[in-house]
Every structure is written in structure tokens, then in C-alpha cells.
Amino acid sequence: AKKILIDCDPGIDDALALALAHGSPDLDVVGVTTVVGNVELEHTTDNALRLRDFYGMDVPVARGAGQPLVREPKTAGDVHGNTGLGGVVLPEPKSKLSDQHAVDFIIDTLAAAPGEISLTAVGPLTNIALALRKEPKIAEWAGEFVIMGGSYTRGNTNPAAEFNMLADPEGAAVAFNAPWRTVMIGLDLTYQARANAAVRARFADLGRLESELITPCLDFYGSHVSYRDEGPAIHDACAIAYVIDPGLFQTVSARVDVETQGRFTAGMTVTDFGAPSDVHNADVATTLDAEAFWTLVADAYRNVAAN
Ligand code: BDR
Ligand code: CA
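Per an unreviewed UniProt entry, the chain goes by Purine nucleosidase and derives from Saccharopolyspora spinosa.

As C-alpha cells, then:
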């Protein structure tokens, strides 16, 4: 199985992404690192620990940055609830946090297996930026770098910016400017992954996974005004699905720069598909095979529920 290290801010769709990674026979999750994002670091970390136990994952969880590189934290409690999983309260975590900081955990884990691990970030890119600053070689060591973030059309948190980019534009700029290729799974792609009624019907027989997590989370997440019509977009699971099977995605090579100066446009991922190819730094996802994506998710969830 392919090794993956997941940097996240759970977060409802982060939680659903972790279940996909854990349940996929094609992935081996080697670590989970947490960052401030949807909710404060204390909650994203606590949620990661509780989710690890609930899913039966045997994997280190390391706590990362509680603040963006430069700006004040900006959370999204309206979308994810004040503690991050809607109203869901999972049992107290039994297992302990890693005593390493996420930044050191990322560096050491990638250093130990150069070229082998997919580094996948589905929250603000603060930990990734700090790790790049501390050990620039991680850009070489990561087998690939996949993010959920950005958009080449418009944002979700404001017209210009997607949440993960707006939460830490300077961190995102460091990540996009590193000498690796960023696979950008942005909103244009993730809006194709809607947990509508037909999708949710496929999760009906998953026991406690369905009744204690998926359904209450999706009820909360799907009630957000931006999601009422077509069902909530399960953004972060798309990045995991890319790591499992990039064949479900069409991507286009481009130059992506993150705006850090704009008064109204900070966090915008300015995507130039027409730039000369020698300055391209990203593969930007455009089209998802949604049917195959949901089959991947449903199969993985069945594996999680069975254990
Ligand atoms: C992204 O922002 C967060 O709210 C979600 O978890 C996802 O990572 C979508 O814009
Ligand atoms: Ca997230």
C-alpha cells in the first residue's frame, strides 16, 4: 500500500477524509498531524485523537501550529460547529498524542523514507510551511504533495479565497513556492463531490460509523446555507481519493501563486494555465469521476465499519 501522511484540521470533511484513508486497502496512513483551521488547535487535535480511536487507527497523531505564520487565526465554526464535528461528541481519547511537534514529525517521517510518502494537507498550510522553513529537503523527500485548497474560479469564504488559503495565505505561498509540484485539489474539483441523498443512502448500513458520526456530521454540515441545494461538498476526501487513484481526476499543469498582499483578495490562488511550462508549479484538478469516487468512499467506509 502507498504511504500517506495527513496534515488536517478536523473538521467534518477532514473526519470523513481520515475514514477514507484508513479504510482504503491501497493506503497505509503513517501519521496524522493537526493544525489550527476549522476550529482551534485544541479541538482539531482532540478530534484527531478521538477519530483515531473511533476508527480503530493505529497511527501517531502529532500536534502542530496553533497560529498561522503571520495572521490571527480565522476559524469556521459556522460550517463545522464550535468543536469541529458539528454536534458529535466522540468518546474521550484513550491513546496519547505524539510527543513530537507536527513539524518535526513531518520532517523525520519524510526523511526516514525519501520518495515513498505522499504528504497530503487538507487544512491551512502552516505546518507545511514551517516544516519547509526548518528542513527545505522535505520538498525532495515527499513522494508527492497533495492539498485540498484554493480554486481557479472563485472562493468559498469570500469571492476571492478558499478557506484553507485565506486562513494562512503566507503559509500557502511558502508551500506553492517550494521546489516540488503541488497537486491542487481546489473547490472547482471538490464541488463535484456532493454528499446528496443518493450518496448518503449508500452509507445506510454502516452501523455506528453511520449513526454516530456520518449522519449527524452530514446533517450539520449539509444545513449550512451554501450547501442546502446540492448537498455538502466533501472537499478533503477528494485529496485522499487523488492519492488512492489519480485516474479518477483530470488535472491541468499551471502556475499558481497565492496572493498575500490584496486587501480583498488575500488567499486567492491566482492560476495561470497559460504561463510558460518551465514556471509551472502545480497540477490543478479540474474534473472528478464522481461515481467512481463515491464507490471508493463507500467501499472504504465499509472496511472501517467492519472493524
Ligand atoms: C476546506 O476548508 C475547510 O472548512 C474544510 O475542512 C476544507 O478543508 C474547504 O474550503
Ligand atoms: Ca480541512
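Right, picking up where we left off after that structure.
Q: Sorry, what's going on with the sheet that holds strand 2 (residues 27-34) here?
A: The pairing of strands in a sheet happens through backbone hydrogen bonds and is either parallel or antiparallel. What the nine strands build is an open sheet, ordered 3-2-1-4-5-6-9-7-8; its pairing is mixed. A strand with exactly one partner marks an edge of an open sheet, and here the two such strands are strand 3 (61-63) and strand 8 (269-272). Across this sheet, the average inter-strand angle for adjacent strands is 30°, counted without regard to direction. Bridge analysis of strand 1 (residues 2-8) against strand 4 (residues 117-121) gives five bridges, and the strand direction is parallel.

Q: Teacher, can you tell me more about the site of ligand 1 here?
A: Taken together, 15 residues lie near ligand 1, and G11, D13, F163, H235 and D236 sit nearest. At the level of elements, helix 1 (12-23), helix 7 (163-167) and helix 12 (235-244) are the ones that each hand at least two residues to the shell around ligand 1.

Q: Would you mind showing me how to read the UniProt feature "domain: Inosine/uridine-preferring nucleoside hydrolase" (unreviewed entry) in the chain here?
A: Within this structure's numbering, the places UniProt gives as "domain: Inosine/uridine-preferring nucleoside hydrolase" (unreviewed entry) are residues 4-294. For residues 4-294, helix accounts for 37% and strand for 18%, while the C-alpha atoms at its two ends are 20 Å apart.

Q: Sorry if this is basic, but what is going on with the nonpolar core here?
A: The tendency in soluble globular proteins is for nonpolar side chains to be buried side by side. Among the nonpolar cores identified, the biggest contains 107 residues, and L18, L20, I185, A237, C238, A239 and Y242 are the most heavily contacted of them. Discounting chain neighbours no more than four positions away, the residues touching L20 are A237, I240, A241, V297 and A300.

Calculation notes
- Residues numbered from 1 in each chain as written.
- Chains lettered and ligands numbered in written order.
- Predicted model: local features only at pLDDT ≥ 70, side-chain atom pairs only at ≥ 80, totals over all residues.
- Pairing = 2+ DSSP bridges.
- Helix = DSSP H or I, 4+ residues; strand = E, 2+ residues; numbered from the N terminus.
- Axes fitted to C-alpha atoms, helices over the stretch in contact; angles between N-to-C directions.
- Near = placed C-beta within 6 Å.
- UniProt positions renumbered as here; feature names shortened; annotations may be inferred.
- Core = buried A, V, L, I, M, F, W, Y, C linked by C-beta atoms within 7 Å.
- Buried ≥ 20, exposed ≤ 12 C-beta atoms within 10 Å, placed from the backbone.
- Contact = placed C-beta atoms within 7 Å.

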